[in-house]
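Now for the letters of each chain:
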Amino acid sequence: MITARRPMIAGNWKMNLSHLEAIALVQKVAFSLDATQLQRVEVVVLPPFVSLRSVQALIVGDQLLIGYGAQDLSPHTDGAYTGDISGAMLAGLGCQYVLVGHSERREHHHESDAAINAKLGAALDNAITPILCVGEGLPVRSEGRHVEYCLTQLDGALAGLAADRLAELVLAYEPVWAIGTGEVATPEDAQEMCSALRERLRETHGAALAGGMRILYGGSVKASNTEGIVAQPDVDGALVGGASLDADEFARICRLAAAPSS
Ligand code: PGA
């Protein structure tokens, strides 16, 4: 079953920009897009924690049609976890989204599928929509095991989470070899994986959930390669890193995803 899915373009700023630069970027993106475009495509920014309050004040104060969220959260509710940020804290700042399982967290912070599963639970407990990232490294792709690898990541992340809790979940396929490298996956690569992820979701959580779930592609997305990627039937937008730091480029990507043909 395929239902209409509103495309999403989410900007993962990673560890970039001061809170003042954050405000300037959001303002510029918002004023570069018209109301129709912002209705057709859901535009989301994911700044570092310390900029969330400023971004919230701007978006709420000026009633901008832009969503925002964080790049990570703790699996714990509160307590002695120095340096961590809880889902309740993010919810308190009005975050609608949180990235979970980004490959940089998996790599640099050794996040396992079990840890990612716990973080998904923490986000859902606080009514924050997770954007769950999966993706294979180059050796796995070279061996032709990329689909199986990402499906295993998906199964591990969603273990024990029933379909009724996952209605809003967003998935992002981000091949590690394409992140920040300038080497983008082909539209066919993106479609192959996004369709396999949707099919697995259908098997594990049912056709309604699978048909409605937005699955993004991420990895060196720029305006010049957006069209081919978002035109794929199972690709519902993009998770954009480097190119989301440039307001003009990010707005171009959003406009392409909002174009009626995509
Ligand atoms: P990139 O990053 O667009 O800079 O490749 C994407 C991501 O890591 O989310």
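Shown above is the structure to which this text applies.
Our subject in this report is the structure included herewith. A quick note: this is a predicted structure, and the numbers were derived from the prediction, not measured. (Residues numbered from 1 in each chain as written. Predicted model: local features only at pLDDT ≥ 70, side-chain atom pairs only at ≥ 80, totals over all residues. Heavy atoms only, no water.)

**Brief notes about the overall build of the protein**
Cut-off, in case you're wondering: Each helix is a run of H or I in the DSSP string that is no shorter than four residues. Each strand is a run of E no shorter than two, and both are numbered from the N terminus. When we talk radius of gyration, it's over C-alpha atoms, and the globule rule is simply 2.2 Å times the number of residues to the 0.38. A 1.4 Å probe rolled over the protein chains alone gives each residue an accessible area, and that area as a share of the maximum for its type sets the label: buried under 20%, exposed over 50%, partly exposed in between. Any two residues whose heavy atoms approach within 4.5 Å are treated as being in contact. Residue exposure ignores everything except the shown protein chains as possible cover, and the areas themselves are Shrake-Rupley values with a 1.4 Å probe. We score Asp and Glu as negative and Lys and Arg as positive, and we do not count His or the chain ends. Each charge is placed at NZ for Lys, CZ for Arg, CG for Asp and CD for Glu.
Per the secondary structure count, the protein includes twelve helices and eight strands. Taking 18 Å as the expected radius of gyration for a compact globule of 262 residues, we find that the protein reaches 17 Å, a close match to that expectation. Referenced to the eigenvectors of the C-alpha coordinate spread, the extents of the protein come out at roughly 50 × 45 × 35 Å. A total of 262 residues make up the protein; the buried ones form 53% of that total. By sequence separation, contacts in the protein at least 24 residues apart represent 75% of the contacts at least 6 residues apart. Accessible area of the protein: about 11,200 Å², with a carbon and sulfur share of 54%. Computed over 19 positive and 31 negative side-chain charges, the separation of the two mean positions in the protein equals 3 Å.

**Structural notes on the site of the ligand**
Stated precisely, the cut-off is as follows: The criterion for a residue being near a molecule or strand is simple. One of its heavy atoms has to lie within 4 Å of it. Under the rule applied, a polar contact is a pair of N or O atoms within 3.5 Å (in protein, one hydrogen donor and one hydrogen acceptor; residues adjacent in sequence only if both atoms are side-chain atoms). Amino acid classes used here: Ala, Val, Leu, Ile, Met, Phe, Trp, Tyr, Cys and Pro are nonpolar; Asp, Glu, Lys and Arg are charged; the rest, including Gly, are polar.
The environment of the ligand is made up of 13 residues, and the closest members are Lys 14, His 102, Glu 174, Gly 180 and Ser 220. Interatomic distance of 3.3 Å between a side-chain N/O atom of Asn 12 and an oxygen atom of the ligand. Interatomic distance of 2.7 Å between a backbone N/O atom of Ser 220 and an oxygen atom of the ligand. For the ligand, the protein covers 95% of the area, taking 280 Å² as the surface of the free molecule. In the shell around the ligand, the residues fall into four nonpolar, seven polar and two charged.

**Considering helix 1 (residues 19–32)**
The criterion, for reference: How far a helix is expected to stretch is found by multiplying one less than its residue total by 1.5 Å. Arc definition: it is the arc formed by the directions from the helix axis to the C-beta atoms.
Taking 1.5 Å of rise per residue, the 14 residues of helix 1 would be expected to cover 20 Å, and the 20 Å separating its terminal C-alpha atoms lies within 8% of that figure. When we look at burial in helix 1, the residues that qualify are Ala 22, Leu 25, Val 26, Val 29 and Ala 30. Mapping the buried residues of helix 1 onto a view down its axis gives an arc of 130 degrees, with all of them on the same face. Set apart from the buried face of helix 1 by more than 90 degrees, the exposed residues are Leu 20 and Phe 31. The secondary structure elements touched by the buried residues of helix 1 are helix 2 (35–40), strand 2 (42–46), helix 3 (52–61) and helix 12 (247–258).

**Some details on the sheet that holds strand 1 (residues 8–12)**
Our working definition: Any two strands are treated as partners once DSSP identifies two or more bridges connecting them. Only C-alpha atoms enter the line fits that serve as axes; for helices the fit covers just the stretch in contact. Angles between N-to-C directions range over 0 to 180 degrees.
The strand order 1-2-3-4-5-6-7-8 describes a closed barrel built from eight strands, whose pairing is parallel. With strand direction ignored, the average angle separating the axes of adjacent strands in the sheet is 25 degrees. Here four bridges tie strand 6 (residues 170–173) to strand 7 (residues 214–218), and the two strands are oriented parallel to one another. Counted as the bridge partner of Tyr 173 is Tyr 217 from strand 7. Against the sheet, helix 8 (residues 146–158) contacts strand 5 (129–134) and strand 6, and its axis sits at roughly 150 degrees relative to strand 5.

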